[in-house]
2 protein chains.
Amino acid sequence: MPKPSQRGANMPESPIRKLVPLANKACEKGIKIYHLNIGQPDLKTPQAGLDALRAVDRSVLEYSPSEGILSLRQKLAEYYHRFDIDVTAEDIIITTGGSEAVLFAFMACLDPGDEIIVPEPAYANYTAFAMSAGAIIKPLLCSIETGFALPSVSEFEKLITPKTKAIMICNPNNPTGYLYTSQEMNQIRDLVKKYDLYLFSDEVYREFCYTGAPYISACHLKGIEQNVVLVDSVSKRYSECGIRVGALITKNKLVRQHVMKFCQARLSPPLIGQLVAEASIDTPKDYMLEMYNEYVERRKFLIDGINKIPGCYTPIPMGAFYTVARLPIDDADRFCAWLLEEFEYEGQTVMIAPASGFYTTPDVGKNEVRLAYVINKEDLAMALMILEKALAVYPGRTI
Amino acid sequence: MPKPSQRGANMPESPIRKLVPLANKACEKGIKIYHLNIGQPDLKTPQAGLDALRAVDRSVLEYSPSEGILSLRQKLAEYYHRFDIDVTAEDIIITTGGSEAVLFAFMACLDPGDEIIVPEPAYANYTAFAMSAGAIIKPLLCSIETGFALPSVSEFEKLITPKTKAIMICNPNNPTGYLYTSQEMNQIRDLVKKYDLYLFSDEVYREFCYTGAPYISACHLKGIEQNVVLVDSVSKRYSECGIRVGALITKNKLVRQHVMKFCQARLSPPLIGQLVAEASIDTPKDYMLEMYNEYVERRKFLIDGINKIPGCYTPIPMGAFYTVARLPIDDADRFCAWLLEEFEYEGQTVMIAPASGFYTTPDVGKNEVRLAYVINKEDLAMALMILEKALAVYPGRTI
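Please read these numbers as outputs of a predicted model, since none were measured by experiment.

Conventions we followed
Residues numbered from 1 in each chain as written. Chains lettered and ligands numbered in written order. Predicted model: local features only at pLDDT ≥ 70, side-chain atom pairs only at ≥ 80, totals over all residues. Heavy atoms only, no water. Helix = DSSP H or I, 4+ residues; strand = E, 2+ residues; numbered from the N terminus. Rg over C-alpha atoms; globule rule 2.2 N^0.38 Å. Buried < 20%, exposed > 50% of the residue type's maximum accessible area, 1.4 Å probe, protein only. Contact = heavy atoms within 4.5 Å. Areas by Shrake-Rupley, 256 points an atom, 1.4 Å probe, with all protein chains shown as cover. Lys, Arg positive; Asp, Glu negative; His and termini not counted. Salt bridge = Lys/Arg side-chain N within 4 Å of Asp/Glu carboxyl O. Pairing = 2+ DSSP bridges. Axes fitted to C-alpha atoms, helices over the stretch in contact; angles between N-to-C directions. Buried area = accessible area lost by both parts, 1.4 Å probe. Polar contact = N/O pair within 3.5 Å; in protein donor to acceptor, adjacent residues only side chain to side chain. Right-handed = clockwise from strand over helix to strand, strands pointing away. Expected span 1.5 Å × (residues − 1). Least-squares fit on C-alpha atoms with pLDDT ≥ 70 in both. Left-handed = near helix turned anticlockwise from the far one by under 90°. Domains from an automatic or database assignment.

## With respect to the overall build of chain A
Phase 1 of the analysis: Check the secondary structure of chain A and you find 13 helices and twelve strands.
Phase 2 of the analysis: Taken over C-alpha atoms, the radius of gyration comes to 21 Å for chain A, in line with the 21 Å a tight globule of 399 residues would show.
Phase 3 of the analysis: Each principal axis of the C-alpha distribution contributes one length, and for chain A these read about 60 × 60 × 55 Å.
Phase 4 of the analysis: Here chain A, with 399 residues, has 62% of them falling under the buried criterion.
Phase 5 of the analysis: Nonlocal contacts in chain A, meaning residues at least 24 apart in sequence, comprise 77% of its contacts between residues at least 6 apart.
Phase 6 of the analysis: Roughly 14500 Å² of accessible area belongs to chain A as shown, and the carbon and sulfur atoms make up 53% of that amount.

Here's what the structure looks like:
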């Protein structure tokens, strides 16, 4: 039997994935699970998107162009204009989800051994895409103590080597909900300029900014237009994660040319998803506002609730629909498994993502978890109550 | 401006892609183009697949499981049983098109520097996926003189080095239409066993075998069950290339585990495509038979037509819907560009794929082209007539 690749063997399995079989067993025992672990919004997909499915009037479901359907790219360009992002359809390449945009950005810009500085905790799959491309993620540790603010320029510079080729940010951030300030974004811009780096900016949560503080896109930064590669996706903002439509946006023509080679190899992004996405961009403001207000309330509810539980703390996230919380526990991986395997309160428990999957720095964030507020308030209330009950009896409780 | 990756720069651009701007210009001049260059069937998607779109009864278009929807995997397992391929839903991972199955097979099985022996001419995008994974394709040259039959074992063995980790075949073959014989498949099996290699087998054209000769799947070969990774796609057989649904199938549990890490990183394959694909598997036999008969006729029509043109020759393809033909020309890249840029017959021309894109061996197949018979017979007749007229006046004609 031939051996699989070292790359595959080395790729870490997400700690959430390890919990799935435990959750399945709990379900089989009839235990009801409140899911605080997932990034799939429960909100309804816009009607315009659902209607687009019924309206498909084609007798052959054929390949779409490798760069995506022109009318979708034009519509996306208009959408970005609303956020003062000055791009044309030509700058936009449609990808199979934001995931593929990250992978292709790495493939087209980075060679094996090249290094990417990523503030962490960070979206776990960046590591998988970096490993696929043979690139190396150099984590820049942010702390819950400072609300996950960006460390100083000197901390960045400590990580810069001749192999450093890029900085990758997620803004608003998954998993922390942090929104980078104008000052932080300028700091990143100066670094990118000084060291001539790529800036990969994952901005799929831009619709979810809650504090009135401005959303600063990497595309707003002057003087680094040729360095920026934006990653986007319609998944979260229209609650249509399943259609797999994202985008890679850059003013850098050479990068686009190289990305297109990877796009052409995989032939085309999903046709029907593109039709749904295009229709969704016309979603009335009412839908977006209703969704926004719902998240605003859930956020307040969850954050207040967590901070009221003795020994728990979470900073207030400014965006996205996640927060990272510190719990009074010895080990979040153990605690999250224990919740599913050994705990129940009146036949119910909660499923939570240990923060270990969001750190590549070893032994950091062991008492942290990521909580998503993508379930309704009644369920959030139950989940919080159950979490408090669980923490009260968890054998590995530290304080 | 930071430099893009060497990987991106090295990745060859498909010769067909280079022709696209020329085709666009010809269109602008009002010239009608008959497309013999594409792999997108013109046949109607089965009604069951189209109806599935209208029947989507979900209010949230959410992520599907990373390994694909269970009911689709079960249905595919039943489908494979019809071809005596003994697999269960557990052995099947749904991918975003067959393309992703190839990429993930390479990523999970091969490390940078590992070598894959590929009989050529071969599907051009294998090279792109190999380059993405850092693997190296070692071409094994097949000749139009022998109808693209597989060379002898000794020719294979000349290519085997300590870095050889896999053989990749496409059966029935794109671009040649060749169907491997039982003897050839056994020869491959013996090599795979002797050197403990992976056998990646792309069998997306299995429904298209025309000569009564048996289709031998890599999964039929005894004693190498742990070495085989099958690549499949619903694109061609249901004329639904745009939905991007493929599959990676293997009995090797460790490979599946590693492939799943890449699947989890990209979250999920397209939801709606999976619903369409599942419905399409129930397509009545009538549809499949009608499609089959249509291709049988087109094949005969095209092959006879080519071989009647003075100086042209193509072997008879046993499967798929392509053939590679030798034309009396100096250089197929030049000829195919000339057809679009300089030639017209009564306001019409043909677009053809130069075979250079299917060879990695330099300077081979320079007078060969790939012709696809995915247009109707009337159009094929016109295309053949125009091709003959063109060859009669092409300045680089050799005989």
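## Comments concerning the side chain of Asp202(B)
Residue and element names in this part refer to chain B.
Phase 1 of the analysis: When you line up the elements, Asp202 lands in strand 6 (residues 198-202).
Phase 2 of the analysis: The buried charged residue Asp202 lacks any salt bridge partner; its closest oppositely charged side chain belongs to Arg206, at an N-O distance of 7.6 Å.
Phase 3 of the analysis: Apart from residues lying up to four places away in sequence, Asp202 is in contact with Tyr126, Met168, Ile169, Cys170, Asn171 and Val231.

## Looking at the sheet that holds strand 5 (residues 164-170) of chain A
All names here are of chain A.
Phase 1 of the analysis: Across the sheet, seven strands lie side by side as 2-8-7-6-5-3-4; this open sheet has mixed pairing. With one partner strand each, in any of the chains shown, strand 2 (92-95) and strand 4 (136-141) form the two edges of the open sheet. Neighbouring strand axes in the sheet, compared pairwise and without regard to direction, differ in orientation by 25° on average.
Phase 2 of the analysis: Here six bridges tie strand 3 (residues 115-120) to strand 4, and the two strands are oriented parallel to one another. By the bridge assignment for strand 4, Glu115 is matched with Ile136.

## Here's the deal with the interface of chain A and chain B
Phase 1 of the analysis: Of the residues lining the interface, 74 residues belong to chain A; the matching set on chain B comes to 74 residues.
Phase 2 of the analysis: Summed over both partners, the interface of chain A with chain B comes to about 6100 Å²; 58% of that surface belongs to carbon and sulfur atoms.
Phase 3 of the analysis: Counting the contacts that link chain A with chain B gives zero salt bridges.
Phase 4 of the analysis: The interface formed by chain A and chain B holds 52 residue pairs in polar contact (both at pLDDT 80 or more) in total.
Phase 5 of the analysis: Taken together, the elements giving at least two residues each to the side of chain A that touches chain B come down to helix 1 (6-10), helix 3 (47-54), helix 5 (97-109), helix 6 (125-133), helix 9 (253-265) and helix 10 (271-281) of chain A.

## Side note on the sheet that holds strand 11 (residues 353-354) of chain B
As a general point, the strands of a sheet are linked pairwise by backbone hydrogen bonds and lie either parallel or antiparallel.
Residue and element names in this part refer to chain B.
Phase 1 of the analysis: Read across the open sheet, the three strands follow the order 9-12-11; overall the sheet is antiparallel. Here the strands that pair on one side only, and so sit at the sheet edges, are strand 9 (322-326) and strand 11.
Phase 2 of the analysis: In this structure, strand 11 lies alongside strand 12 (residues 368-372), joined through two bridges in antiparallel fashion. In the sheet register, Pro354 faces strand 12, and the bridge partner there is Val369.

## Considering the pairing of strand 3 (residues 115-120) of chain B
Residue and element names in this part refer to chain B.
Phase 1 of the analysis: Counting buried residues along strand 3, six of its six residues qualify, which places the element largely inside the surrounding structure.
Phase 2 of the analysis: For the crossover from strand 3 across helix 6 (residues 125-133) to strand 4 (residues 136-141), the handedness is right-handed.
Phase 3 of the analysis: Alignment of strand 3 against strand 5 (residues 164-170), held across three bridges, turns out to be parallel. Within strand 5, the position partnered with Ile117 by the bridge is Ile167.

## Details of unusual backbone geometry
Residue and element names in this part refer to chain A.
Phase 1 of the analysis: Omega for the peptide link from Asn171 to Pro172 comes to -10°, which places this bond in the cis form.
Phase 2 of the analysis: As for its placement among the helices and strands, Pro172 is situated in the loop between strand 5 and helix 8 (182-195).
Phase 3 of the analysis: Residue Pro175 follows Asn174 across a cis peptide bond; omega there is 20°.
Phase 4 of the analysis: Structurally, Pro175 can be placed in the loop between strand 5 and helix 8.

## Overview of helix 11 (residues 285-308) of chain B
Phase 1 of the analysis: Across its 24 residues, helix 11 of chain B extends 34 Å between first and last C-alpha, which sits within 8% of the 34 Å expected from 1.5 Å per residue.
Phase 2 of the analysis: Of the surrounding elements, those touching the buried residues of helix 11 of chain B are strand 9, strand 12 and helix 13 (377-393) of chain B.

## Side note on the relation of the copies chain A and chain B
Phase 1 of the analysis: Rotating chain A by 180° and moving it 0.0 Å along the rotation axis overlays it on chain B with an RMSD of 0.0 Å. These values place the two chain copies in the arrangement generated by a two-fold rotation axis. Closest to the rotation axis within chain A is the C-alpha of Arg54(A), separated from it by 2.3 Å.
Phase 2 of the analysis: With an isologous cut-off of 70% or more, the 100% of interface residues of chain A that recur at the interface of chain B puts this contact in the isologous class.

## With respect to the packing of helix 5 (residues 97-109) of chain B against helix 9 (residues 253-265) of chain B
All names here are of chain B.
Phase 1 of the analysis: Between helix 5 and helix 9, the shortest axis-to-axis distance is 9 Å and the interhelical angle comes to 115°. Relative to helix 9, the crossing made by helix 5 is right-handed. Of helix 9, the residues touching helix 5 (which contributes Phe104, Met107, Ala108 and Cys109) are Val255, His258, Val259, Phe262 and Cys263.

## Some words on the domain arrangement of chain A
Residue and element names in this part refer to chain A.
Phase 1 of the analysis: Segmenting chain A into domains produces domain 1 (6-44 + 286-393) and domain 2 (58-280).
Phase 2 of the analysis: Look at where the C-alpha atoms of domain 1 and domain 2 centre, and you get two points 25 Å apart.
Phase 3 of the analysis: The interface of domain 1 with domain 2 comprises 37 residues on the first partner and 35 residues on the second.
Phase 4 of the analysis: Both sides of the domain 1 and domain 2 interface together cover about 3100 Å² of buried area, and 63% of this is carbon and sulfur.
Phase 5 of the analysis: If you look at where domain 1 meets domain 2, you find one salt bridge.

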